[in-house]
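So you can see what is in the structure, the chains are spelled out below.
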Amino acid sequence: MKPKGFVRRTRQREAILEVLRGTKSHPTADWVYQEVRKEMPHVSLGTIYRNLRTLSEHGEIRELAYGSNHSRFDANPHSHYHFVCDSCGAIEDLEMPTFQELNDKVEKLGDYQVLNHRLEFYGICPDCVREKSDRRVN
Ligand SMILES: [Zn+2]
Ligand SMILES: [Zn+2]
């Protein structure tokens, strides 16, 4: 079980949370680092990684791991689904209810204790669909 609840607020953590909450792009640690550095020029990438990990361990943010690729970070810790664009790599939140009953179904398969589930849809995002059809017209 991941520890939840109180996490000590430091200036660095506040800055990281502010940067994450200010974007819907589900950025990489490196992007967060570049943004936080504008406010705190002496912060290190290691510090950013450490704080992102602590924040996600405490359920304040979510880390979205993609195999061997870099993790992306999400300021919204609540259960929600994503659309991942195969064309531009964008990760967008989907405004739809999540299917919590799936957790019960998995628990009924055996001695599983489901804490949450992650569901992602892959394809072409609206921006890229639009771009493709624009190109066809020209
Ligand atoms: Zn796209
Ligand atoms: Zn999200």
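All of these numbers come straight from a predicted model, not from anything done at the bench.

Description of the overall build of the protein
Right, so step 1: Across its full length, the protein carries five helices and five strands.
Right, so step 2: When the helices and strands of the protein are read in sequence order from the N terminus, they spell out α-α-α-β-β-β-β-α-β-α.
Right, so step 3: With respect to the principal axes defined by its C-alpha atoms, the protein has extents near 50 × 50 × 25 Å.
Right, so step 4: The buried share of the protein, reckoned over its 138 residues, is 35%.

Brief notes about the environment of Arg53
Right, so step 1: Note on placement: Arg53 falls in helix H3 (residues 45-57).
Right, so step 2: Residue Arg53 is classed as partly exposed on the basis of its relative accessible area of 43%.
Right, so step 3: Sequence separation between Arg53 and Glu63 is 10 residues; the distance between their C-alpha atoms is 7.9 Å.

Structural notes on the coordination of the zinc ion (ligand 2)
Right, so step 1: The protein atoms donating to the zinc ion (ligand 2) are His26 (NE2), Asp74 (OD), His80 (NE2), His82 (NE2) and Asp93 (OD), with metal-donor distances spanning 2.0 to 2.2 Å.
Right, so step 2: Counting residues between consecutive donors of the zinc ion (ligand 2) along the chain gives the motif H-x47-D-x5-H-x1-H-x10-D. The pair formed by Asp74 and His82 is uniform in burial state, with each residue classed as buried.

Some points on unusual backbone geometry
Right, so step 1: At His26, a residue that is not glycine, the phi angle is positive and equals roughly 50°.
Right, so step 2: Along the chain, His26 turns up in the loop between helix H1 (11-21) and helix H2 (29-39).

Here's the deal with the sheet that holds strand E3 (residues 81-85)
Right, so step 1: Taking strand neighbours across the sheet as the criterion, the three strands line up as E4-E3-E5 in an open arrangement whose pairing is mixed. Only two strands of the sheet have a single neighbouring strand rather than two, namely strand E4 (91-94) and strand E5 (120-123). When the angles between neighbouring strand axes are averaged without regard to direction, this sheet yields 25°.
Right, so step 2: As paired elements, E3 and E5 share four bridges and run parallel to each other. Bridged to Val84 within E5 is Tyr122.

Some details on the packing of aromatic side chains
Right, so step 1: Under the counting rule described, the total for this entry stands at one aromatic pair.
Right, so step 2: Ring plane angle 25° and centroid distance 6.2 Å describe the contact between Tyr81 and Phe99, whose orientation is recorded as stacked. Of this pair, Tyr81 sits in strand E3 while Phe99 sits in the loop between E4 and helix H4 (101-107), and the two are 18 residues apart along the sequence.
Right, so step 3: For Tyr81, a relative accessible area of 0% puts it in the buried group.
Right, so step 4: Note on Phe99: relative accessible area 37%, which makes it partly exposed.
Right, so step 5: The residue whose ring lies beneath Arg118 is Tyr66, and the NZ or CZ to ring-centre distance is 4.9 Å.

Calculation notes
- Residue positions within a chain follow its written sequence, with the count starting from 1.
- Just so you know, chain letters begin at A and ligand numbers begin at 1, following the order they were written in.
- In keeping with the model being predicted, local features are shown solely for residues with a pLDDT of at least 70 and side-chain atom pairs are shown and tallied solely at 80 or more, while totals for entire chains, interfaces and linings include all residues.
- Water and hydrogen atoms play no part in the side-chain values, which are based on all heavy atoms of the structure.
- Put simply, DSSP marks the helices as runs of H or I at least four residues long and the strands as runs of E at least two long, and each gets a number from the N terminus on.
- Only protein chains enter the accessibility calculation, which uses a 1.4 Å probe; a residue whose area is less than 20% of its type maximum is buried, one above 50% is exposed, and one in between is partly exposed.
- Counted as donors are the N, O and S atoms within 2.8 Å of the metal, or 3.2 Å for Na, K and Ca, while water is not among the atoms, so some sites may look incomplete.
- At least two DSSP bridges between two strands are required for those strands to pair.
- Each axis is a line fitted through C-alpha atoms, taken for helices only over the stretch in contact, and angles between the N-to-C directions span 0 to 180 degrees.
- Centres within 6.5 Å are what make two rings of Phe, Tyr or Trp a pair, Trp counting through its six-membered ring; a difference in plane orientation under 30 degrees is then read as stacked, over 60 as edge-to-face, and the rest as tilted.
- Only when the NZ of Lys or the CZ of Arg is both within 6 Å of the ring centre and within 35 degrees of the ring normal is a charge said to sit over the ring.

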